[in-house]
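Overview (structure and organization)
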Amino acid sequence: ETGVTQSPTHLIKTRGQQVTLRCSSQSGHNTVSWYQQALGQGPQFIFQYYREEENGRGNFPPRFSGLQFPNYSSELNVNALELDDSALYLCASSLGPDRRGGETQYFGPGTRLLVL
Amino acid sequence: QQQVKQSPQSLIVQKGGISIINCAYENTAFDYFPWYQQFPGKGPALLIAIRPDVSEKKEGRFTISFNKSAKQFSLHIMDSQPGDSATYFCAAYTNAGKSTFGDGTTLTVKP
């Protein structure tokens with residue numbers, strides 16, 4: 001088990017609503033990345049936060065936004081929910097942002113979001 | 001645009017056999033290639049990773065083979081065990097902070 005926790009575990013929302021997902025990183029980790037994993041697909045990179053600043057973003061619209069707090073925990077906010085936003089949302093923490101250096105990402109168990 | 005193509009989608013192997021999963025990528029900016037293992041209800045866990053200056057890396061029963069000119073890499077699981085039954089993802093990372101994952105391979109190891 002990694003030390004990365006996510007809440008809630010499951011969530012049901014309706015189209016047009018807003019949602020906030022939370023992630024607590026592993027102790028000592030200052031970098032958090034968020035991913036969307038649709039059913040039957042691999043995780044898709046949403047964005048990464050390093051020391052409270054966004055440090056890289058994938059191909060997701062601005063209605064996907066995030067925050068990182070001084071204790072390095074993080075939130076993912078999604079506005080104006082669409083049916084296609086239904087997915088497992090994963091966060092991963094690491095010691096640093098430099099994956100080229102081989103910084104291992106530790107994934108949480110995810111939050112399963114269903115948009116009706 | 002699918003930048004990392006993974007195959008096969010599913011794989012059934014007898015206990016003790018060799019499991020082989022392949023990935024191909026397009027973006028030459030990728031420079032870090034990990035494989036993840038995911039069990040139901042869990043997040044992906046790093047299994048083994050390689051960088052393009054190395055053609056092969058072995059850790060226990062798991063080996064990555066990397067072919068830079070062909071832009072392909074593969075995961076070999078030797079002496080496959082029922083406990084290896086899981087979904088496996090290859091991924092490719094750039095040093096600009098972006099990652100791309102394959103669509104996964106569901107491995108079933110029969111006793």
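That block above? That's the structure.
Described below are features of the structure shown in this document. (Residues numbered from 1 in each chain as written. Chains lettered and ligands numbered in written order. Predicted model: local features only at pLDDT ≥ 70, side-chain atom pairs only at ≥ 80, totals over all residues. Heavy atoms only, no water.)

Along its length, chain B carries zero helices and 11 strands. Shown N-terminal to C-terminal, the secondary structure of chain B runs as helices and strands in the order β-β-β-β-β-β-β-β-β-β-β. Principal-axis analysis of the C-alpha atoms gives chain B an extent of 40 × 30 × 20 Å. In chain B, which comprises 111 residues, the proportion classed as buried is 45%. The long-range fraction of contacts in chain B, counting pairs at least 24 apart against all pairs at least 6 apart in sequence, stands at 53%. Of the roughly 5300 Å² of accessible surface on chain B, 49% is carried by carbon and sulfur atoms. Across chain B, 11 positive and 8 negative side-chain charges occur, with their mean positions spaced 3 Å apart. (Helix = DSSP H or I, 4+ residues; strand = E, 2+ residues; numbered from the N terminus. Buried < 20%, exposed > 50% of the residue type's maximum accessible area, 1.4 Å probe, protein only. Contact = heavy atoms within 4.5 Å. Areas by Shrake-Rupley, 256 points an atom, 1.4 Å probe, with all protein chains shown as cover. Lys, Arg positive; Asp, Glu negative; His and termini not counted. Charge placed at Lys NZ, Arg CZ, Asp CG, Glu CD.)

Here we come to the interface of chain A and chain B. Taken together, the contacts link 20 residues of chain A with 19 residues of chain B. Summed over both partners, the interface of chain A with chain B buries about 1700 Å², with 51% contributed by carbon and sulfur atoms. Inspection of the region where chain A meets chain B yields zero salt bridges. Across the contact surface, chain A and chain B share three residue pairs in polar contact (both at pLDDT 80 or more). Going through the elements one at a time, β4 (31–37) and β9 (87–94) of chain A are the ones with two or more residues in the side of chain A that touches chain B. Taken together, the residues of the side of chain A that touches chain B break down into seven nonpolar, nine polar and four charged. (Buried area = accessible area lost by both parts, 1.4 Å probe. Salt bridge = Lys/Arg side-chain N within 4 Å of Asp/Glu carboxyl O. Polar contact = N/O pair within 3.5 Å; in protein donor to acceptor, adjacent residues only side chain to side chain. Nonpolar A, V, L, I, M, F, W, Y, C, P; charged D, E, K, R; others polar.)

This part takes up the state of the cysteines. Residue and element names in this part refer to chain A. Applying the stated criterion to the full structure yields two disulfides over all chains. Through a disulfide, C23 is tied to C91; the S-S separation comes to 1.9 Å. One quick way to see it: the torsion about the S-S bond of C23 and C91 is about 70°, and its sign makes the bridge right-handed. Taken as a pair, C23 in strand β3 (residues 19–24) and C91 in strand β9 lie far apart in primary sequence, 68 residues in all. (Disulfide = S-S within 2.5 Å.)

Quick look at the environment of T63(B) now. Residue and element names in this part refer to chain B. With respect to the helices and strands, the residue T63 is situated in strand β7 (residues 62–67). The spacing of T63 and L75 is 12 residues in sequence and 5.8 Å in space, taken between C-alpha atoms. Those residues in contact with T63 that sit more than four places away from it in its chain are I48, E56, K57, K58, S74, L75 and H76.

All names here are of chain A. Spatially, four strands are ordered β1-β3-β8-β7 in an open sheet, and the strand pairing comes out antiparallel. The open sheet has two edge strands, β1 (5–7) and β7 (64–68), and neither has a second partner. Ignoring strand direction, the axes of neighbouring strands in this sheet form an average angle of 20°. In this sheet, strand β8 (residues 74–78) lies alongside β7 in antiparallel orientation, the contact comprising five bridges. Counted as the bridge partner of Q68 is S74 from β8. (Pairing = 2+ DSSP bridges. Axes fitted to C-alpha atoms, helices over the stretch in contact; angles between N-to-C directions.)

Attention now goes to the pairing of strand β3 (residues 19–25) of chain B. Residues and elements named next belong to chain B. A one-sided burial pattern is seen for β3, the buried positions being S19, I21, C23 and Y25 and the unburied ones I20, N22 and A24. Of the pairings in the sheet, the one linking strand β1 (residues 4–7) to β3 comprises four bridges and is antiparallel in character. Paired with S7 across the two strands is N22, which belongs to β3. Sheet analysis places β3 next to strand β8 (residues 72–77), joined by six bridges and oriented antiparallel. Paired with A24 across the two strands is Q72, which belongs to β8.

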